Amino acid sequence: MSAASLRRAARESVSGLPRAFWWLWTSTLVNRLGAFVATFMTLYLTLDRGYSASFAGLVVALHGLGGVISSLVAGVMTDRLGRRPTLLAAQASTAFSVALLGFMEHPAAIAAVALLVGMTSNASRPAVAAMMADIVRPEDRVRAFALNYWAINLGFAVSATAAGLIAEYSYLAGFLGEAALTLACAVLVYVKLPESRPERGGAGAAGGSGGSGGSMDKGGAEPEIGLGSVLRDGRFMGVVGLSFLISLIFTQGSVGLPVAMGSAGFSPGDYGLVIAVNGFLIVALQIPVTRLIEHRDPQKLLVVSALLAGYGFALTAFAGPVWAYALTVCVWTLAEIVNSPTQMGLVVQLSPVHGRGRYQGVYTMSWAVAALVAPLMAGFMIDRWGADWLWATTGVLGTVAAVGYWLLMRGLSEGAAEESAPAAAGGTAATPQETPLPTTSGPVGAS
């Protein structure tokens, strides 16, 4: 491909998105540049503090439990108070709690503050996703979510390498660095991002260019969406369950992998370099791969990504030198690149306009529950049977998730969105229908 073609592809990938999206994208990038706690918590506890893998798993699980609690609360706040206030509160409190965690000495204090960090850091996710759905047109959402995921991993690629080196000298510096950058995100949100929550009875989104996806209340009569409505939405909850399995696999990159590498004699710097491969590959491939998949059948994409994730991690059982670990990361990173924007587009498609916060909160909870279960699973298996059992389990989970996606999405990608729209009491659709999910009807690589 020529340089001119590459420039044209890059322009088409970023064109047509509203200014508010790019400020939200920037805040995501800044936030991930400071990522430290989630990536290095297990190494901090096992290598620096000398705790067992089981205790490290317990603390990281409490971090995940905090996310479970805050997902639902933040989802309701996002719908009731607005996206912007929820983001501000979440990011400011995260900065404080992360800094506090760096000074904790007693095991009970470390566990308690880790729970608090999990609650605060996870609270921003429903608001970010809901705001993105508000301000981006339906036909641009897969691309927008891919770009946001690209920003997450651009920041992660840089921070993982830098933080791995920082951790060899001072873990406290890593905690304080993350707190400072998270506080900078709060300032950016306050200064640059307007509220985007759609008004009831009016057109889709405030915020700007592109609206909220072109949806409009039917005469202002859209029923109230409560958490019960979300939990009764069978197809959506199926997606949540499959997301839990997938995230249970992916979470092992920051939970099982560092413990396994540490047990094998590798340093935090070695792990930082290996996990940075994940971020750098996503930075390099997310945009071109998204251009290839955005008009493909999402059912097939999710099935393939589940298999790549499960068996990519399973290959870790055969890794020896650092470069072999890096090769396994390449396999499951491709699964991430395909899965993330495809699944986020599906979640938004199944969410009613005025229930986006709650729907995103329940969806986010799947990742938070996985963050609770994954470290317990990893710590128990590694301590009791060894890491190979953990990697074999990921292969099984990937297979189960692939079968689940194939069964759940039969007919959905052909435009059966009305079947999956949550029903209000009495069987009425709770959301206006939006543009169907992308399928194979368009040319590969079209933007």
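Residues numbered from 1 in each chain as written. Predicted model: local features only at pLDDT ≥ 70, side-chain atom pairs only at ≥ 80, totals over all residues. Heavy atoms only, no water.

Further remarks concern the overall build of the protein chain. Across its full length, the protein chain carries 18 helices and zero strands. Buried residues in the protein chain amount to 57% of all 447 residues. Here the contacts in the protein chain between residues at least 6 apart in sequence split such that 85% fall between residues at least 24 apart. Here the protein chain displays about 17000 Å² of accessible surface, and carbon together with sulfur accounts for 67% of that area. (Helix = DSSP H or I, 4+ residues; strand = E, 2+ residues; numbered from the N terminus. Buried < 20%, exposed > 50% of the residue type's maximum accessible area, 1.4 Å probe, protein only. Contact = heavy atoms within 4.5 Å. Areas by Shrake-Rupley, 256 points an atom, 1.4 Å probe, with all protein chains shown as cover.)

What follows is about helix α6 (residues 107-122). One turn of an α-helix holds 3.6 residues; hence residues three or four places apart share an orientation. Over its 16 residues, α6 extends 22 Å from the first C-alpha to the last, a length consistent with the 22 Å expected when each residue adds 1.5 Å. The complete set of buried residues in α6 reads I110, A111, V113, A114, V117, G118, T120 and N122. (Expected span 1.5 Å × (residues − 1).)

Generally speaking, a soluble globular protein has its nonpolar side chains buried in company with each other. F21, M41, F236 and L257 are the most contacted members of the largest nonpolar core, which totals 106 residues. Examining the composition of this core, we find that 11 residues originate from one element, helix α16 (residues 356-384), more than from any other. Residues within four places of L257 in sequence aside, it is in contact with Q252, Y271, V274, I275, T316, Y325, V329 and W391. Membership of the second largest hydrophobic core comes to seven residues, among which are Y149, I282, V289 and V338. (Core = buried A, V, L, I, M, F, W, Y, C linked by side-chain atoms within 4.5 Å.)

Mapped onto the fold, R235 is located in helix α11 (residues 234-250). Within the structure, the side chain of R235 is placed 2.6 Å from the backbone oxygen of L408, a separation counted as a polar contact. (Polar contact = N/O pair within 3.5 Å; in protein donor to acceptor, adjacent residues only side chain to side chain.)

What follows deals with the pattern of salt bridges. Across all of its chains, the model carries three salt bridges by this definition. In this structure, R358 and D79 form a salt bridge, with 3.1 Å as the shortest nitrogen-oxygen distance. In this pair, R358 is assigned in helix α16 and D79 in helix α4 (residues 53-80), connecting sequence segments 279 residues apart. Here R83 ties to D134 by a salt bridge, and the two come within 2.6 Å at their closest N and O atoms. Of the two residues, R83 is situated in helix α5 (residues 83-101) and D134 in helix α7 (residues 124-135); the sequence distance between them amounts to 51 residues. (Salt bridge = Lys/Arg side-chain N within 4 Å of Asp/Glu carboxyl O.)

A word on the confidence of the model for the protein chain. In the predicted model, the protein chain carries a mean pLDDT of 76, and the fraction of residues at 70 or more is 81%. Within the model, pLDDT remains below 50 along residues 202-220, and this stretch shows 51 contacts once partners closer than five positions in the same chain are excluded. (pLDDT = per-residue confidence, 0-100.)

Bringing the environment of L81 into the picture now. Within the element layout of this structure, L81 appears in the loop between α4 and α5. Counting along the chain gives 116 residues from L81 to R197, while the straight-line C-alpha distance between them is 9.0 Å.

The next point concerns a nonpolar patch on the surface. Judged by side-chain polarity, L65, I69 and V73 come together as a nonpolar surface patch covering roughly 220 Å² of accessible area. For V73, the position within the fold is in helix α4. (Patch = residues over 30% accessible without salt bridge, like charges linked within 9 Å, V, L, I, M, F, W, Y side chains within 5 Å.)

So, on to helix α14 (residues 298-314). In this model α14 runs 24 Å from its N-terminal to its C-terminal C-alpha over 17 residues, within 8% of the 24 Å that 1.5 Å per residue would give. Most of α14 sits inside the fold, with 12 of its 17 residues counted as buried. Every buried residue belonging to α14 is among P298, Q299, L301, L302, V303, S305, A306, A309, G310, G312, F313 and A314, and all of these are buried. Packing partners of the buried residues in α14 comprise α11, α13 (268-293), α15 (322-349) and α17 (387-408).

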